Amino acid sequence: MQSLADQFFNLPIMIKTLPLMLQGLWMTAKLCAAVILLGLAGGLMVALANLSPRRWLRLPSIVFTDVFRALPPLVLLIFIYSGLPFAGVEISPFAAVALAFLLNNSAYYAEVYRAGILSVGKGQWEAARSTGLTKTQTLTSVVLPQAIRNVLPDLLSNTIEVVKLTSLASVVSLSELLYNANMARSITYNASPLVLAALIYLVILWPVVRLVSRFQRKLAM
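Residues numbered from 1 in each chain as written. Predicted model: local features only at pLDDT ≥ 70, side-chain atom pairs only at ≥ 80, totals over all residues. Heavy atoms only, no water.

Trainee: Help me understand the environment of L118 in this model?
Mentor: Examined against the element boundaries, L118 turns out to sit in helix α5 (residues 93-118). Note: C-alpha distance between L118 and L51 (67 residues apart in sequence) is 8.9 Å. (Helix = DSSP H or I, 4+ residues; strand = E, 2+ residues; numbered from the N terminus.)

Trainee: Sorry if this is basic, but what is going on with a positive patch on the surface here?
Mentor: Together, R149, R210, R214, R217 and K218 give the surface a local cluster of positive charge. For R217, the location among the structural elements is in helix α9 (residues 192-220). (Patch = residues over 30% accessible without salt bridge, like charges linked within 9 Å, V, L, I, M, F, W, Y side chains within 5 Å. Areas by Shrake-Rupley, 256 points an atom, 1.4 Å probe, with all protein chains shown as cover. Salt bridge = Lys/Arg side-chain N within 4 Å of Asp/Glu carboxyl O. Lys, Arg positive; Asp, Glu negative; His and termini not counted. Charge placed at Lys NZ, Arg CZ, Asp CG, Glu CD.)

Trainee: Any chance you could explain the packing of α5 against helix α7 (residues 135-165) here in plain terms?
Mentor: Relative placement of two packed helices is described by the angle separating their axes and the distance separating the axes. Relative to each other, α5 and α7 sit at 155 degrees, their axes nearing to 8 Å. With respect to each other, α5 and α7 are oriented roughly antiparallel. Here α5 runs over α7; the crossing is right-handed. Two secondary-structure elements touch here, α5 through F101, N104, N105, Y108, Y109, V112, Y113, A115, G116 and I117 and α7 through V143, L144, A147, I148, N150, V151, D154, L155, N158, T159, V162 and L165. Counted by class, the contact of α5 with α7 contains 15 nonpolar, six polar and one charged residues. (Axes fitted to C-alpha atoms, helices over the stretch in contact; angles between N-to-C directions. Parallel < 35°, antiparallel > 145°, perpendicular 65-115°, else oblique. Left-handed = near helix turned anticlockwise from the far one by under 90°. Contact = heavy atoms within 4.5 Å. Nonpolar A, V, L, I, M, F, W, Y, C, P; charged D, E, K, R; others polar.)

Trainee: For this particular structure, what's the right way to read a nonpolar patch on the surface?
Mentor: Among the surface-exposed residues, V63, V67, L71 and V75 lie close enough to one another that they form a single nonpolar patch of about 290 Å² accessible area. In this fold, V67 is placed in helix α3 (residues 55-70).

Below you can see the structure in the form of structure tokens.
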């Protein structure tokens, strides 16, 4: 019978399964890149629609943020991957995960952006407009840079959550880091690959967590 150390910290097994872990990490990185970049862009558009004086833009954006913030990401993922085929829409595991997390995280990014834009005083708008800038120029050149700076820790925190959410992709058999670690566990009959996956997540995310804390302290000063 294996000792506790051999069951969870078996170095030869970790080394043997490392290439499989790195393949899963590459898939996780591609998924994060797609979801984060599209989520940041989509969230900004939803936030601007939410702040629009036009009801036909504002009301749908409010419904969007409320619905997709309320729906658990796992429920949304399973619905898209397993439910849409009943409507004749076939979707790959990668596309299902990307779409589910995009909808979920766009709603959260939108609320962060909205808070940042509202944190910029009306005087900034008026001062910029008085110099001859258009409303669009004022938004992109004056308001948004300040708004993003004000909510940068929140944007980074949400991005960390996106990276952690990618582990849910294992439920649709997408070969990301956790899925590959679980496959390695089932082959080796040892929990060391799962520990290795956890260590990889820690190495990647811990510096970002420290960076967020640093930004928060600087903004609080």
